[in-house]
Amino acid sequence: GNVLYSHDVFVETRCMLNLQRFPADTQMCGFELESYAYTTNDIQLAWTEDSPVQLNSDIELPQFSLNRMETGTENNVYSTGTYQGLTVSMTLARRTGGHVTMVHLPSILLVIISWTSFWLHGRVAHARILINAIFLVAHMALSLLPRAVLMKQNVAYLTSVDVWMAIGTTFIFLAVLETMAVAYLYRGSGEGQSGGSGTKTEDGVEAVEMTDINNPRMSLSGLKRSSTSAKLDVVSRITFPLLYLLINIIYWSLFA
């Protein structure tokens, strides 16, 4: 006849994770149950055909969803003989909704808001630099969140979220550089400053440098610099969003 032998075993295991694609990563976790004292000559292990592994439907992982589970058998050869083991492999996909809300969305908003400085006049360059500097510090602080809180561990290699945060920080830093360039060109234009001193000719007539008719205190060379700073802002208003959109398409197609 048949003998039913039941034994309760509690096993705590760990699974090594590869976080290079975090938070859009998929993990493979495998476990093996193997006979310790009996070789294949003494015992044969096999999974039941119907529902070999049963899971409690009331228990779930907070960050992962179980996509697939596969079972099998494996024979391991040692110096004392061949031992049979039961293997189970689980494919876990990380739930990215919370991570996108906590990291990616705030990062996108900070980068977009930093572009508001392109619509401010060059005469308020100090305010423009201050605004972008605040956004830059805020984004750098946000970049510490994934490793400190979300991943629960600090790995030595780059992850996809590290690449994303580096992209956002770079865009905000470029906005700061653009603001500094506009401020330099605007100050070099001489707008808002008194004009240069005139020179007298031999006839006693004072010669004054040609100026802009709308702003008599600004020379033509200063007018060119002021026009260049305005054009730089216009170009930035178009270039930054288009480039950021292109990088977003590349990033999400590779890592999502």
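Everything numeric here is computed off the predicted structure, so don't read it as measured data.

Section: the state of the cysteines
The term disulfide refers to a covalent linkage connecting the sulfur atoms of a pair of cysteines.
Working step 1: Within this structure, the stated rule accounts for one disulfide.
Working step 2: With a sulfur-sulfur separation of 2.1 Å, Cys15 is cross-linked through a disulfide to Cys29. Its S-S torsion of approximately -95 degrees makes the covalent link between Cys15 and Cys29 left-handed. With Cys15 in the segment before strand E1 (26-34) and Cys29 in strand E1, the pair connects residues that are 14 residues apart, well separated along the chain.
Working step 3: A residue is classified by how much of its surface remains accessible, and Cys15, at 28% relative accessible area, is partly exposed.

Some thoughts on helix H2 (residues 125-142)
Working step 1: For H2, with 18 residues, the first-to-last C-alpha span of 26 Å sits near the 26 Å given by 1.5 Å per residue.
Working step 2: Considered for burial, the residues of H2 that qualify are Ala125, Arg128, Asn132, Phe135, Leu136, His139 and Leu142. Mapping the buried residues of H2 onto a view down its axis gives an arc of 125 degrees, with all of them on the same face. Seen from the open side of H2, the exposed residues pointing more than 90 degrees away from its buried face are His126, Leu130 and Val137.

Section: the packing of aromatic side chains
Working step 1: Scanning the model with the defined rule gives nine aromatic pairs in all.
Working step 2: Note on Trp164 and Tyr251: the rings are 4.9 Å apart at their centroids and 50 degrees apart in plane angle, and the pair reads as tilted. Placement of Trp164 in helix H4 (residues 160-189) and of Tyr251 in helix H5 (residues 220-255) is noted, with a sequence separation of 87 residues between them.
Working step 3: You can call Trp164 buried: its relative accessible area is 1%.
Working step 4: Members of the aromatic cluster, each reached through a chain of ring pairs, are Trp115, Phe118, Trp164, Phe171, Phe240, Tyr244, Tyr251 and Trp252.

Brief notes about the side chain of Arg128
Working step 1: The residue Arg128 is located in helix H2 in this model.
Working step 2: Arg128 gets classed as buried once you look at its relative accessible area, which sits at 0%.
Working step 3: A distance of 2.8 Å separates a polar side-chain atom of Arg128 from the backbone oxygen of Ser117.
Working step 4: Beyond its immediate sequence surroundings of up to four residues, Arg128 is in contact with Ser117, Phe118, Leu120, His121, Gly122, Glu178, Thr179, Val182 and Asp233.

Topic: unusual backbone geometry
Working step 1: With an omega of 10 degrees, the peptide bond between Phe22 and Pro23 qualifies as cis.
Working step 2: Of note, Pro23 is situated in the segment before E1.
Working step 3: Even without being a glycine, Ser51 presents a positive backbone phi close to 50 degrees.
Working step 4: By relative accessible area, Ser51 is classed as partly exposed at 48%.

Focus on the side chain of Ser35
Working step 1: On the secondary structure map, Ser35 appears in the loop between E1 and strand E2 (64-78).
Working step 2: Using a relative accessible area of 11% as the deciding quantity, one classes Ser35 as buried.
Working step 3: Within the local environment of Ser35, its side chain forms a polar contact with the backbone oxygen of Tyr38, the two atoms lying 3.0 Å apart.
Working step 4: Leaving out residues up to four positions away in the same chain, Ser35 has contacts with Ile43, Leu45, Tyr83 and Gln84.

Considerations on the nonpolar core
Working step 1: Judged by nonpolar contacts, the single largest core of 21 residues is most densely connected at Val111, Trp115, Met165, Phe171, Ile172, Phe240 and Tyr244.
Working step 2: Residue assignment for this core shows that the elements contributing at least two residues are helix H1 (97-114), H2, H4 and H5.
Working step 3: Ranked by the residues each element gives to this core, the list is headed by H4, at seven residues.
Working step 4: Those residues in contact with Tyr244 that lie beyond four places of it in its chain are Ser107, Ile108, Val111, Trp115, Trp164 and Phe171.

What counts and how
- Residues numbered from 1 in each chain as written.
- Predicted model: local features only at pLDDT ≥ 70, side-chain atom pairs only at ≥ 80, totals over all residues.
- Heavy atoms only, no water.
- Disulfide = S-S within 2.5 Å.
- Helix = DSSP H or I, 4+ residues; strand = E, 2+ residues; numbered from the N terminus.
- Buried < 20%, exposed > 50% of the residue type's maximum accessible area, 1.4 Å probe, protein only.
- Expected span 1.5 Å × (residues − 1).
- Arc of directions from axis to C-beta.
- Phe/Tyr/Trp six-rings, centres within 6.5 Å; stacked < 30°, edge-to-face > 60°.
- Polar contact = N/O pair within 3.5 Å; in protein donor to acceptor, adjacent residues only side chain to side chain.
- Contact = heavy atoms within 4.5 Å.
- Core = buried A, V, L, I, M, F, W, Y, C linked by side-chain atoms within 4.5 Å.

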